[in-house]
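Letter by letter, the chains look like this.
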Amino acid sequence: MKTSIKVWDLPTRLFHWLLVLSFAAAYLTAESERLRVIHMTFGYTVAGLLVFRVLWGLMGTRWAKFSSFWPSPKKAINYGLSLVDKAQAPHYTGHNPLGALAVYGLLTLGLATTALGYSYVQLDQEWIAEVHEALANLMLALVFAHVFGVVISSKKHKENLARSMVTGDKQGEPEEAIKNTRPIVALLLLVVVGGFWFTAWQQPDLLGLKAGEDTEQHQEKDHD
């Protein structure tokens, strides 16, 4: 019999919300040269978080591992169709097939976007900036699609999937529950991210910027 069990560990939940914050901050500051330090700080944070998620997908807890949600377009299509059908859609303890595709898509787009952002800082080629922006917009579209899917799945299963990424709890069989939420790993992740933010704010040159570059060198662009 299914009951409320612990499914998402602390590192996975912390990663999720830090990624939401970092991507939103990087996207919203992308057009302002005066906020370039903030844009780059959160952009590099996105990259670091995604690298962590790849590693955690290999060595994390049961439902965080990639082996528990291999991407399958066929299963995703069938699951998507079941959401609009009157019959009950199949329930998944971890990521459902649509959620799995969203995770892999966000990982791929996020790593590509941040890699191009870094390349632009190093090479200063306009075409790189344009592709970087295009991928960021594509990533935003996928985020909206993912949120829409979460809302529909939550209503279909009568289970708040967004809240589960806060509490870590979902419906499942008792034997499917994870035994350890890995709080030490989550704490280390938080310390590393917080330390990076503090260092980047104090020493923007570490981001590839010279002191004052974000407010002076490209000031003319803000007047265009």
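It should be emphasised that the depicted structure is a prediction, and the values quoted were computed from it without experimental measurement. (Residues numbered from 1 in each chain as written. Predicted model: local features only at pLDDT ≥ 70, side-chain atom pairs only at ≥ 80, totals over all residues. Heavy atoms only, no water.)

> What is the right way to read the overall build of the chain from this model?
From N to C terminus, the chain includes 7 helices and 2 strands. Moving toward the C terminus, one meets the helices and strands of the chain in the order β-α-α-α-α-α-α-β-α. Over its C-alpha atoms, taken along the principal directions, the chain stretches across nearly 65 × 40 × 25 Å. Classification of the 224 residues of the chain by burial places 42% in the buried group. Contacts in the chain between residues at least 24 apart in sequence constitute 77% of all its contacts with a sequence separation of at least 6. When the accessible surface of the chain is totalled, it reaches about 12,900 Å², and 66% of it is carbon and sulfur. Between the mean site of the 20 positive side-chain charges and the mean site of the 20 negative ones, the chain shows a separation of 17 Å. (Helix = DSSP H or I, 4+ residues; strand = E, 2+ residues; numbered from the N terminus. Buried < 20%, exposed > 50% of the residue type's maximum accessible area, 1.4 Å probe, protein only. Contact = heavy atoms within 4.5 Å. Areas by Shrake-Rupley, 256 points an atom, 1.4 Å probe, with all protein chains shown as cover. Lys, Arg positive; Asp, Glu negative; His and termini not counted. Charge placed at Lys NZ, Arg CZ, Asp CG, Glu CD.)

> Honestly, helix 1 (residues 10-28) in this entry has me stumped. Any pointers?
Because the α-helix completes a turn every 3.6 residues, residues three or four places apart line up on one side. The terminal C-alpha atoms of helix 1 lie 27 Å apart, and with 19 residues this matches the ideal 27 Å at 1.5 Å per residue to within 8%. Its side-chain oxygen placed 2.7 Å from the backbone nitrogen of T12, D9 serves as the N-cap of helix 1. (Expected span 1.5 Å × (residues − 1). Polar contact = N/O pair within 3.5 Å; in protein donor to acceptor, adjacent residues only side chain to side chain.)

> I keep staring at helix 5 (residues 126-157) and nothing clicks. Help me out?
Taking 1.5 Å per residue, 32 residues should reach 46 Å; helix 5 reaches 46 Å between its end C-alpha atoms and fits that length. Listed in full, the buried residues belonging to helix 5 are I128, A129, H132, L135, A136, M139, S153, S154, K156 and H157. Each element contacted by the buried residues of helix 5 is listed here: helix 1, helix 2 (36-59), helix 3 (73-83), helix 4 (97-123) and helix 6 (161-167). One or two positions beyond helix 5, positive phi appears at K158, with a value near 55 degrees.

> Would you take a moment to explain a negative patch on the surface for this structure?
A contiguous patch of negative charge, built from E31, D124, E126, E130 and E133, is present on the exposed surface. Following the sequence through the fold, E130 ends up in helix 5. (Patch = residues over 30% accessible without salt bridge, like charges linked within 9 Å, V, L, I, M, F, W, Y side chains within 5 Å. Salt bridge = Lys/Arg side-chain N within 4 Å of Asp/Glu carboxyl O.)

> What's the story with the layout of surface pockets in this structure? I'm lost.
To find leftover empty space, a probe the size of one water molecule is rolled over the atoms. Of the pockets and cavities examined, the largest pocket occupies roughly 1,100 Å³. H16, A102, H146, V147 and V150 are the residues nearest the centre of the largest pocket, which is lined by 48 residues in total. Those elements giving two or more residues to the lining of the largest pocket turn out to be helix 1, helix 2, helix 3, helix 4, helix 5 and helix 6. Counting residues per element, the lining of the largest pocket draws most heavily on helix 5, which supplies 15 residues. There is about 800 Å³ of room inside the second largest pocket. Along its surface, the second largest pocket is lined by 31 residues, and A30, H39, Y120, A129 and H132 are the ones closest to its centre. (1 Å grid on protein atoms, 1.4 Å probe; cavity = no way out; pocket = protein on both sides within 12 Å on 5 of 7 lines; lining within 4 Å. Points joined across faces, edges and corners; volume = space filled by probe spheres on them.)

> For this particular structure, what's the right way to read the pattern of salt bridges?
Opposite charge on two side chains lets them pair, provided their charged atoms get close. Evaluation of the coordinates by the stated rule reveals 2 salt bridges. Close ionic contact of K6 with D169 constitutes a salt bridge, the shortest N to O distance being 3.0 Å. Residue K6 is located in strand 1 (residues 3-6), and its partner D169 is located in strand 2 (residues 169-172); the two are separated by 163 residues in the primary sequence. Judged by its relative accessible area of 26%, K6 falls in the partly exposed class. A salt bridge links R36 to E33, with the nearest nitrogen and oxygen atoms 4.0 Å apart. Accessibility expressed as a relative area gives 16% for E33, which makes it buried.

> It is not clear to me how a nonpolar patch on the surface should be interpreted in this structure. Could you clarify?
A surface patch of nonpolar side chains, amounting to about 460 Å² of accessible area, comprises V51, L55, L58, M59 and L111. It is helix 2 that provides the largest number of residues to the nonpolar patch, a total of 4 residues. With respect to the element layout, M59 can be found in helix 2. Assessed through its relative accessible area of 53%, M59 is described here as exposed.

> I keep staring at the nonpolar core and nothing clicks. Help me out?
For soluble globular proteins, nonpolar side chains are generally found buried alongside one another. In this structure, F15, L19, L49, L50, F69 and L189 are the most contacted members of the largest nonpolar core, which totals 26 residues. Within the residue set of this core, elements represented by two or more residues are helix 1, helix 2, helix 4, helix 5 and helix 7 (183-202). When neighbours within four sequence positions are excluded, L49 is seen to be in contact with F15, L18, L19, S22, L189 and V193. Core analysis: the next-biggest nonpolar cluster, separate from the first, contains 6 residues, I5, W8, W63 and I178 among them. (Core = buried A, V, L, I, M, F, W, Y, C linked by side-chain atoms within 4.5 Å.)

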